[in-house]
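Examination of the molecular architecture
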Amino acid sequence: MGVEAHATNERATGRTWTVRLDPVGRGRADVRVSCSRPACAAQVLPSAAVGRTAAVEHLKAHLRAGPAPRPSAYCACRAEECHTHIRPAGPRERPAPWRCGGAVVLAVVTDREGRWWRVMECCSRCAAAHPTAKIAATATAPAPGRTAPADAFRAAAVSVPAVPAAGPHFSHTASGAAVPAVGPHFSHTASGAAVAHEVPAPRSERPPRPPRPTRQRARRGRIAQRFVPHELRPVALRDELTELGELFRAYQQRAEPDLAMLADLHARKAKAFRAWAEVTADTGLRLDAERAEQAAATARLQHLHRSGQAPEGDGPAVTRLLTASAQWNHARAVLTHVADHAPLPGPEARLLSVMLTLRTAQSGIGNLVGQDLKGLPLTDPEQLVGQLVESGWLDIAGTVDELIASRPENPTRIGVPSLTPDESDPGPFTFGRKMRPKLSGWAQRVVGEKKLRKAKTGADARLLALALATGVSLDGHLGPEGEGLPLEALASSCAVAPGELLELVDRLTATDWLTEVAVTDTVLTGRLTERVLPLSCPLT
């Protein structure tokens, strides 16, 4: 009897499976969609967007074809000891399994980057604990009670006569004893008489229960991983910190950033934390207030840059091709790296090295067509590319002639071994795959600027234009504060002698790149014209 009851109360472990989206290989755009269910074969799709759509459709097909969650299923999350969302209090303390509970549901959990989707047959409490969980289906019937004996469940399986849908239901055993058809069943006594039990009165006839007194909990706020003490005084400071924490959490849920709003929140946080530090004499709070002030200034400056305003807010609007200070710093880092690791001497080799570095900066591999080389002011591009290949700095798939003749529909794969990352060397640059084409497009706009092309300026003048565009203040003056740029550094960037800079400056002035120019023995001062100011990368 006890063995049968134990077998009846056994519960099957909840089902779980995962659909993943993984890259096929480094430097490739195609992705692989795989499913952990054994009958599903992996698919290779051309892009991440197409792969994500296919993965979601594959998951929906499983959810439509699969059965609903089983009411008697054992929570899959609990079977894994709730490691995914219940954190132990100590290093040796096991997670608390009693936190599981509620109806069995079919939940879909995904990561924030959209790289995998996991379906779990788990309890509703575990599903609610996952921040990204979505309920796909719920159980249609409650789980059977654990206290019913096995023979009573077998007795309930005997044929049941037709009865109304509402009200208590009874089935009859062979001896004529009446037992409930739903709910716990009890065996009849030895005399065969049915056990009498009292039926409760309808809910409408019962006297109303007195309302339970509601207990108001003290409002406890949280901001910047700190809890706001309820006993903090003044009360206005406590309420301000609590409200700021809620506003920051609400801002994190926004679909689009609002840098002006973020700057105001950081400014309010700095003021509140400074007052909190004065009340509690906490040095950590004072340091947090200083960091909040810096964050407010940075967010406000980024907002002004993106909206095309001057730092004071009343200057002329400038819509720059590169909009953030991080992009400006990355552009300067590329020019500095090429100047320090130039494979060949001369301005033409330097300019070609800059453009090829920007094509291959993220993974060391890129594509190139003949028009990319013909659009640069190079005297003999075939010979120059051949010299870069012979030096070992550049690798190309095929011959130099095939590269020059290649078209956009059939580009040539190129590689720069010194830029290829590996396990021991991640490469000289820290920007990602999306940043690289922005920087490459910016350099092409500067080098191929309309008046520079019409004036048929050489590679040395184009390199000087790049150097000046990355060495100005926000209002376009040369140098960090309009103090000018050293002639020696500019000559090094252009791969020319310092004495040749004056002629290059005159060319840029004639093409309406520079104005208010003044040259001393060591410094070049002036500013970029309004026409080319959108191409600048200010020093901040």
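What counts as what
- Residues numbered from 1 in each chain as written.
- Predicted model: local features only at pLDDT ≥ 70, side-chain atom pairs only at ≥ 80, totals over all residues.
- Heavy atoms only, no water.
- Helix = DSSP H or I, 4+ residues; strand = E, 2+ residues; numbered from the N terminus.
- Buried < 20%, exposed > 50% of the residue type's maximum accessible area, 1.4 Å probe, protein only.
- Contact = heavy atoms within 4.5 Å.
- Areas by Shrake-Rupley, 256 points an atom, 1.4 Å probe, with all protein chains shown as cover.
- Pairing = 2+ DSSP bridges.
- Axes fitted to C-alpha atoms, helices over the stretch in contact; angles between N-to-C directions.
- Parallel < 35°, antiparallel > 145°, perpendicular 65-115°, else oblique.
- Left-handed = near helix turned anticlockwise from the far one by under 90°.
- Nonpolar A, V, L, I, M, F, W, Y, C, P; charged D, E, K, R; others polar.
- Salt bridge = Lys/Arg side-chain N within 4 Å of Asp/Glu carboxyl O.
- Phe/Tyr/Trp six-rings, centres within 6.5 Å; stacked < 30°, edge-to-face > 60°.
- Lys NZ or Arg CZ within 6 Å of the ring centre and 35° of its normal.
- Patch = residues over 30% accessible without salt bridge, like charges linked within 9 Å, V, L, I, M, F, W, Y side chains within 5 Å.
- Lys, Arg positive; Asp, Glu negative; His and termini not counted.
- Charge placed at Lys NZ, Arg CZ, Asp CG, Glu CD.
- Arc of directions from axis to C-beta.
- 1 Å grid on protein atoms, 1.4 Å probe; cavity = no way out; pocket = protein on both sides within 12 Å on 5 of 7 lines; lining within 4 Å.
- Points joined across faces, edges and corners; volume = space filled by probe spheres on them.
- pLDDT = per-residue confidence, 0-100.
- Core = buried A, V, L, I, M, F, W, Y, C linked by side-chain atoms within 4.5 Å.

**Brief notes about the overall build of the protein chain**
A tally of helices and strands in the protein chain yields 18 helices and 16 strands. Counting the 540 residues in the protein chain, one finds 37% classified as buried. A fraction of 59% describes how many contacts in the protein chain between residues 6 or more apart in sequence connect residues 24 or more apart. Surface summary for the protein chain: the accessible area is close to 31700 Å², and the carbon and sulfur share equals 54%.

**Focus: the sheet that holds strand β11 (residues 365-368)**
What the three strands build is an open sheet, ordered β11-β13-β12; its pairing is antiparallel. Of all strands in the sheet, those with a lone pairing partner are β11 and β12 (395-396), marking the two edges. Packed on one face of the sheet, helix α10 (residues 347-360) meets β11 and β13 (412-415) and runs near 120° to β11.

**With respect to the packing of α10 against helix α14 (residues 435-447)**
Running from N to C, α10 and α14 point in directions that differ by 155°, and their axes come no closer than 8 Å. Here α10 is positioned roughly antiparallel relative to α14, judged by the angle of their axes. Note that α10 runs across α14; the crossing there is left-handed. Only Arg 436, Leu 439, Ser 440, Ala 443, Gln 444 and Val 447 of α14 make contact with α10, whose side of the interface consists of Leu 351, Met 355, Leu 358 and Arg 359. Across the contact of α10 with α14, the residue classes break down as six nonpolar, two polar and two charged.

**With respect to the pattern of salt bridges**
Taken as a whole and assessed by the stated rule, the structure comprises 19 salt bridges. Arg 115 is paired through a salt bridge with Asp 111; the nearest N and O atoms lie 3.0 Å apart. Judged by relative accessible area, which is 11%, Asp 111 ranks as buried. Salt-bridge contacts for Arg 291 lead to Asp 288; the nearest nitrogen and oxygen are separated by 2.4 Å. A residue pair is termed a helical-turn pair when its members lie 3 or 4 positions apart in one helix, as Arg 291 and Asp 288 do in helix α8 (residues 283-306) at three residues. Residue class for Arg 291 comes out partly exposed when judged on its relative accessible area of 47%. A cluster of three or more residues bridged by salt bridges with shared partners is formed by Arg 226, Asp 282, Asp 288 and Arg 291.

**Considerations on the packing of aromatic side chains**
Aromatic ring pairs are defined here through the distance separating the ring centres and the angle between the ring planes. A full pass over the atoms with the stated rule returns two aromatic pairs. For the pair Phe 429 and Phe 431, a centre-to-centre distance of 5.5 Å together with 20° between the ring planes defines the contact as stacked. Phe 431 gets classed as buried once you look at its relative accessible area, which sits at 8%. Sitting above the plane of the Trp 17 ring, Arg 37 keeps its charged end 4.4 Å from the centroid. Stacked on the ring of Phe 248, the Lys or Arg Lys 269 has its end atom at 5.8 Å from the ring centre.

**Observations concerning a negative patch on the surface**
On the surface, Asp 380, Glu 382, Asp 401 and Glu 402 cluster together to form a negatively charged patch. Looking at the element boundaries, Asp 380 is found in the loop between α11 (370-374) and α12 (381-390). Of the residues examined, Asp 380 reaches a relative accessible area of 32% and is grouped as partly exposed.

**Some thoughts on helix α17 (residues 487-494)**
An α-helical turn contains 3.6 residues, so a residue and the one three or four places further along point in the same direction. Listed as buried for α17 are Leu 487, Leu 490, Ala 491 and Cys 494. An end-on view of α17 places all buried positions within 100° of arc, on one side of the element. Buried residues belonging to α17 abut α10, α16 (459-469), β14 (485-486), α18 (501-510), β15 (514-519) and β16 (523-528). Of the residues one or two after α17, Ala 495 is the one with positive phi, at around 60°.

**Considering the sheet that holds strand β1 (residues 16-23)**
Taken together, six strands build an open sheet; the order of strands is β3-β2-β1-β5-β4-β6 and the sheet is antiparallel. What marks the edges here is a single partner per strand, and that holds for β3 (43-45) and β6 (134-138). Recorded for the sheet is a direction-independent mean angle of 20° between the axes of neighbouring strands. Of the pairings in the sheet, the one linking strand β4 (residues 104-110) to strand β5 (residues 116-123) comprises seven bridges and is antiparallel in character. Counted as the bridge partner of Val 109 is Arg 118 from β5.

**With respect to the layout of surface pockets**
In this model, the largest pocket occupies a volume close to 760 Å³. In terms of lining, the largest pocket is formed by 24 residues, of which the most central are Gly 27, Arg 28, Ala 29, Gln 362 and Arg 433. Elements represented by at least two residues in the lining of the largest pocket include exactly β1, α2 (48-65), β11 and α14. Tallying contributions element by element places β1 first for the lining of the largest pocket, with four residues.

**Some details on the confidence of the model for the protein chain**
Chain-level statistics for the protein chain give a pLDDT mean of 79 and a share of 77% at 70 or above. Between the elements of the protein chain, mean pLDDT differs from a low of 34, seen in helix α5 (residues 150-156), to a high of 94, seen in α16. In the predicted structure, residues 1-9 sits below a pLDDT of 50 and forms nine contacts with residues beyond four places in sequence or in another chain. A low-confidence stretch, residues 141-199 stays under pLDDT 50, and its non-local contacts, those more than four residues away or across chains, total 46 contacts.

**Description of empty space enclosed by the protein**
Counting across every chain of the model gives two cavities of 30 Å³ or more. Lining the largest cavity are Ala 331, Val 334, Leu 335, Val 354, Leu 358, Leu 439, Trp 442 and Ala 443. Listing elements by their share of the lining of the largest cavity, those giving two or more residues are α9 (325-340), α10 and α14. For the lining of the largest cavity, the per-class residue count stands at eight nonpolar, no polar and no charged.

**Details of the nonpolar core**
In terms of nonpolar packing, the biggest core is built from 70 residues, with Leu 352, Leu 394, Trp 442, Leu 464, Leu 466, Leu 468 and Trp 513 touching the most fellow members. For this core, the element with the highest residue contribution is α16, accounting for nine residues. With residues near it in sequence (within four places) discarded, Trp 442 still touches Leu 321, Leu 322, Ala 331, Leu 466, Ala 469, Thr 470, Leu 535 and Cys 537. Counting 19 residues, the second largest nonpolar core, distinct from the first, contains Val 228, Leu 232, Leu 237 and Tyr 251.

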